[in-house]
Structure formats: C-alpha cells, structure tokens
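Structure assessment
Listed below are the residues making up each chain.
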Amino acid sequence: MLQAISMYLEYLELEKGLSINSIDAYRRDLTSFLELTNPNNINTITRQQVNRYIRDLKENHYTITSIIRKIASLRGFFKWAYATGLTETNPALAIEQPKLPKKLPKVLNLTEIETLLKEDLNITEHLIMELLYSCGFRVSELINLKLTDIDIHSKYIRCFGKGSKERIVPIGETAKSIIEDYLPYRELLISKFNLQTKRLLISDTGHELTRQDVYKFIRKQGEKIHKHISPHTLRHTFATHLIENGADLRIVQELLGHSDVSTTQLYTHISKKRLKEVYFAINGNT
C-alpha cells in the first residue's frame, strides 16, 4: 500500500504537474487513511472500510471541508490504482460525500482596503498588500514569483497557478511604482545576506518569504480593521470589486486562473448580496 501511494504521488508530480503543497496534502490524506484502516494490501480494501473511515472522521469532528478533501484524495488514488491495474475493484467508486453548506467568502469593502493600503507599511509589506489585492494572487503564487516573471515595461506579471497553469496578470501604475521602489531594496538584501535566489519577495531578515510569513502579516493587518482576514480574503475582494465595477465574468475568470467559469460566478452572488445590504441600509428592510 505504501509503495502504491508513493507511485501515485510520483504520478501526480510528473504527469499531472501538481504543486509540492498539493502533493503534500494528498500524502497526508492517504497516510491518514492508511493509519486508520491498516490494510494488509491495496487489494484487501473494501467499500465498507472506506465508509467506516469517513464515519470515523465525522465522529472525530473533522470539518466538512476536510472530509470532502480527504474523500477527493481517496477517489483520485483508487481511480488511478484501478486504471493502472493495481486493484481489481475501486472501493471509492460510490462514496457518499457530505454536502458543503453554501457560504459566501468574506470580502472587504473599498474603505477597508484603502485603510490597509494607507497603513504605515515598509516597502516589502506594501508590495505584498498591493499584489494580493490588485492582482488577486493566491499566497502560493505570490511567494513563488520570480524576477523573470515580471515585465515592468509591458506592465504584466506571469503567474503559475494550480497544476503549474500559466496566466498573465496585468499590473496597474501603483503596483508598477511599488515594484520599481522595491527592486533596489531587494538588491540591498541580496548583498547584505549574500543570498542566491530568483524569488521576488525576500524578508527583512534575509530569507525567501514563506506562506506562514504572509499569513501572519495579513492576519496582523486585519486586526487594524477589527476583522479576521487571510491572503485569500484579498483575492476574494479583488474579484468582487472587479465584478462590482462591471468587469466581464470571463475576464475575471482568466485573471483568477479558474478553469471553470462556474467557480468565478460565486463573486456575482457576493456582489448581489452586497448590493442588497446597501439598498436596505438606505431604504430600510421593507
């Protein structure tokens, strides 16, 4: 079983082009299943074992989101194992999946965004805020940006999203100006700490910026407006503000790197919800 999981993870990396973070998530999910079911080999796993594993997750109070992700990991693994002949059956073929309650993501209003962007930030922090909000990057996309991905003169950034899918994101004058101010500072850090890196973002203490660095910084910024926010909050806000200002849904889809426009349509629901809130705030809930 362990060998089969190793082969599957290698397949995800080499043939599907998944990121290291995604592969690590699959590894954790499949290892969790292995530890709880303890099968003799991959061919002895039954649908009953899979269902019992899911019940155990529920009884141990895993969130619905975590359970859905773990089920997706099992489905992908057993589909691959069956297709490659490692198993004679697919025990995950008809797993009952819990329904995820519809919940609109949290977004900030324009005043809140302006407040955060006007805060007393150093040049690196200012660039992080600007790129997350004005480009809609995922945190993994942000920290993996390289100098060669940026074309200042043409005003665009090349970004590699989920599954190493490439997209081109335009940058506005504000972001362009901040990048131009940041690059000489970055060179000073490179020289000071004798660094060898192609990454764009470097911390003031001399290391490549990590996901944890960005999450910690954004969470701290959220405290200034008395809200719990994450880097993804700024991505949601980026998309919502575009929709509210009349951007075409397909263009927003391209900017976010969504493979399916139905994912992007979520932001039209947020926009409508916010419109209703403003209307009733002005006219009363009648």
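Analysis parameters
Residues numbered from 1 in each chain as written. Predicted model: local features only at pLDDT ≥ 70, side-chain atom pairs only at ≥ 80, totals over all residues. Heavy atoms only, no water. Pairing = 2+ DSSP bridges. Helix = DSSP H or I, 4+ residues; strand = E, 2+ residues; numbered from the N terminus. Salt bridge = Lys/Arg side-chain N within 4 Å of Asp/Glu carboxyl O. Buried < 20%, exposed > 50% of the residue type's maximum accessible area, 1.4 Å probe, protein only. Disulfide = S-S within 2.5 Å. Polar contact = N/O pair within 3.5 Å; in protein donor to acceptor, adjacent residues only side chain to side chain. Axes fitted to C-alpha atoms, helices over the stretch in contact; angles between N-to-C directions. Parallel < 35°, antiparallel > 145°, perpendicular 65-115°, else oblique. Contact = heavy atoms within 4.5 Å. Nonpolar A, V, L, I, M, F, W, Y, C, P; charged D, E, K, R; others polar. Phe/Tyr/Trp six-rings, centres within 6.5 Å; stacked < 30°, edge-to-face > 60°.

**Some details on the sheet that holds strand 2 (residues 156-160)**
- Across the sheet, which stays open at both edges, the three strands sit in the order 1-2-3 with antiparallel pairing between neighbours. Of all the strands in the sheet, the pair left with one neighbour each is strand 1 (150-151) and strand 3 (166-170).

**Section: the pattern of salt bridges**
- One pass over the full model with this rule turns up twelve salt bridges.
- Between D24 and R27 there is a salt bridge whose closest N-O contact spans 2.7 Å. In this pair, D24 and R27 are both assigned in helix 2 (residues 20-37), three residues apart and thus about one turn of the helix distant.
- By relative accessible area, R27 is classed as partly exposed at 37%.
- E180 is the partner of K176 in a salt bridge, and the nearest nitrogen-oxygen pair spans 2.9 Å. You can see K176 and its partner E180 sitting in helix 8 (residues 173-193), four residues apart, about one turn around the helix.
- Assessed through its relative accessible area of 18%, K176 is described here as buried.

**Comments concerning the state of the cysteines**
- Taken as a whole, this structure holds zero disulfides when the rule is applied.
- No disulfide involves C135; its sulfur sits 8.8 Å from the nearest other cysteine sulfur, which is in C159.

**Re the side chain of R167**
- When you line up the elements, R167 lands in strand 3.
- In terms of polar contacts, R167 uses its side chain to reach the side chain of E141, at 2.9 Å.
- At 2.8 Å, the side chain of R167 and the backbone oxygen of L255 are in polar contact.

**Quick look at the packing of helix 6 (residues 123-135) against helix 10 (residues 231-244)**
- Axis separation between helix 6 and helix 10 bottoms out at 7 Å; the angle between their running directions is 45°. Classified by the interaxial angle, the pair formed by helix 6 and helix 10 is oblique. When helix 6 is examined against helix 10, the residues M129, L132, Y133, S134 and C135 are found in contact with a partner set consisting of P231, L234, R235, T237, F238 and H241.
- Class assignment for the residues of the contact of helix 6 with helix 10 results in seven nonpolar, three polar and one charged.

**Things to note about the packing of aromatic side chains**
- Enumeration according to the criterion identifies ten aromatic pairs in this entry.
- With a centroid separation of 5.0 Å and an interplanar angle of 85°, the aromatic rings of F33 and Y53 are classed as edge-to-face. Here Y53 lies in helix 3 (residues 47-59) and F33 lies in helix 2, a separation of 20 residues in the sequence.
- By relative accessible area, which is 1% here, Y53 ends up buried.
- A connected cluster of aromatic rings, assembled from ring pairs, spans Y8, Y11, Y26, F33, Y53, F77, F78 and W80.

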